[in-house]
Every structure is written in structure tokens, then in C-alpha cells.
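# Fold and contact review
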Amino acid sequence: MPGLTLDPSRRTWHITFGTYATRLHNDPRPTVDQRHNRRNTPFPAADPPRQRPPSHPPLYLTLEQRRHAERQFPDLCERGGWRLRAAAAPDPGDHIHILLDAKTNADPKSIRRWLKRWLGESLSETFDKPSSGWWAEGGSTKPVTDQRYLINVTKYVLKQRTNALPHRPG
């Protein structure tokens, strides 16, 4: 992807978070926790004490909610002082991807918390707020440290977009 380079004055992050109760421990799809969130680390084994049933049904974003979320990403990043590279709210509506640049000293977990809060508020203003809340706890914050990963993750996120919006290279 021409023009796609890392900015040495900022840090690029691939932030992912899920919707409420859509990916639980022992789900057939792999999950990651803090100890297993590193490259080439095996996925965690089954852990029955962590298998609490959710108090509300799983929440999947509808097509309109996913479109709404994707339209909000530029404003949310501007509000936070981050530069948006790419974002997606892919089908089946169980997670969000955001690729952004932030100041080098910014805490990525704080960025993720603000994104979840602001996006949840925006969704609640337009759609009925779910009793469970919109988001699962936690999420992933991966630094993008080399050109190859930047190109691959940008393609990966853009391919999953619900809206056919143009990409703004960062």
C-alpha cells in the first residue's frame, strides 16, 4: 500500500474489543487473556472457574449499529487526539477494530477505554441502550512496530469494513 508508513513521532496501535458476551472462555473460537496476548503464545486452556454464564444474552451489533460505529471513528479519534488509520465493525457484529496513531507516551488501555465509552455513548444516543452494556471487558492493544505489520493489519481491517468509506492513509 503506497504511502503507508509509520510515524516515528507517534505510536501506532491496533485496538480490538468485543461486544458483550459474544466470545467467552471455552468458546470454540480461541480467546486470549493478558498472559497469552503475545505473538507465538498458545491460547489459554479451558478454565472451568472462568466459565460463568453471562447475566444477559450476547450482544451482536446490527448492520445499522455497525454502520453508525464506523461513521463515528473519525470524530472519536479526533476527540481523543489520535490519528485514525483504519477501523471496522465487521459482520457478525461481535467486535471492533481500530488502527490509530497516538502520542508515544499515550496508554493504549486508556485509549481503548475511552473509545469504548465514547462509542457506547454514541450508540446509546441513537439506539436503545442494552441492559448488558455494549462491550465485553478488556480487549486487545497491540503495538504496530514494523512496516510489514502495518501493511498487513491495515489491509485486514479495511477488508472487514461494513461501510464502503475511503481509507485515509496516515
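Below, the structure is looked at part by part. (Residues numbered from 1 in each chain as written. Predicted model: local features only at pLDDT ≥ 70, side-chain atom pairs only at ≥ 80, totals over all residues. Heavy atoms only, no water.)

What follows covers the sheet that holds strand E2 (residues 83-88). Taken in spatial order, the 4 strands line up as E2-E3-E1-E4 in an open sheet, and their pairing is antiparallel. Two strands close off the open sheet at either side, each with one partner strand: E2 and strand E4 (140-144). The average angle at which neighbouring strand axes cross in this sheet is 20°, direction not considered. The strands that helix H1 (residues 63-80) touches are E2 and strand E3 (95-103); relative to E2, the one it contacts most, it runs at about 165°. Running at roughly 50° to strand E1 (residues 10-18), helix H2 (residues 108-126) makes contact with E1, E3 and E4 of the sheet. (Pairing = 2+ DSSP bridges. Helix = DSSP H or I, 4+ residues; strand = E, 2+ residues; numbered from the N terminus. Axes fitted to C-alpha atoms, helices over the stretch in contact; angles between N-to-C directions. Contact = heavy atoms within 4.5 Å.)

Relative to the helices and strands, Glu70 is located in helix H1. A distance of 2.8 Å separates the side chain of Glu70 from the backbone nitrogen of Ala89, its partner in a polar contact. (Polar contact = N/O pair within 3.5 Å; in protein donor to acceptor, adjacent residues only side chain to side chain.)

Running from N to C, H1 and H2 point in directions that differ by 135°, and their axes come no closer than 10 Å. The angle between the axes of H1 and H2 places the two elements in the oblique class. In this structure, H1 crosses over H2, and the sense of that crossing is right-handed. In this structure, H1 uses Gln65, His68, Ala69, Gln72, Phe73, Leu76, Arg79 and Gly80 to contact H2, whose residues at the interface are Leu115, Trp118, Leu119, Glu121, Ser122, Leu123 and Thr126. Tallied by class, residues from the contact of H1 with H2 come to 7 nonpolar, 6 polar and 2 charged. (Parallel < 35°, antiparallel > 145°, perpendicular 65-115°, else oblique. Left-handed = near helix turned anticlockwise from the far one by under 90°. Nonpolar A, V, L, I, M, F, W, Y, C, P; charged D, E, K, R; others polar.)

Counting residues in each nonpolar core, the largest one holds 26 residues, and the members touching the most others are Phe73, Ile96, Ile98, Leu100, Leu115 and Leu119. Looking at this core, the elements with two or more residues in it are E1, H1, E2, E3 and H2. The element best represented in this core is H2, accounting for 5 residues. Dropping the residues within four chain positions of it, Leu115 is found in contact with Ile15, Phe17, Leu76, Trp82, Ile98 and Leu100. Counting residues in hydrophobic clusters, the runner-up holds 8 residues, among them Leu4, Leu99, Val144 and Val153. (Core = buried A, V, L, I, M, F, W, Y, C linked by side-chain atoms within 4.5 Å. Buried < 20%, exposed > 50% of the residue type's maximum accessible area, 1.4 Å probe, protein only.)

Attention now moves to the pairing of E1. In terms of burial, E1 is largely enclosed, as 7 of its 9 residues are buried. Summarising the sheet, E1 and E3 pair through 9 bridges and their orientation is antiparallel. Residue pairing in the sheet places Thr12 in a bridge with Asp101 of E3. With 5 bridges connecting them, E1 and E4 associate as antiparallel partners.

Turning our attention to H2. Over its 19 residues, H2 extends 27 Å from the first C-alpha to the last, a length consistent with the 27 Å expected when each residue adds 1.5 Å. Where H2 is concerned, the buried positions are Pro108, Ile111, Arg112, Leu115, Lys116, Trp118, Leu119, Gly120, Ser122 and Leu123. On its buried face, H2 is in contact with E1, H1, E3 and E4. (Expected span 1.5 Å × (residues − 1).)

Here helix H3 (residues 147-159) contains 13 residues, and its C-alpha end-to-end distance of 18 Å stays within 8% of the 18 Å for a straight helix at 1.5 Å per residue. Within H3, burial applies to Leu150, Val153, Thr154 and Val157. Burial along H3 is one-sided: seen end-on, the buried residues are contained in an arc of 105°. Opposite the packed face of H3, turned more than 90 degrees from it, sit the exposed residues Arg148 and Lys159. Here the buried face of H3 lies against E1, E2, E3 and E4. N-capping of H3 is provided by Asp146, with a side-chain oxygen placed 3.1 Å from the backbone N of Arg148. (Arc of directions from axis to C-beta.)

Just geometry here; none of it tells us what the structure is for.
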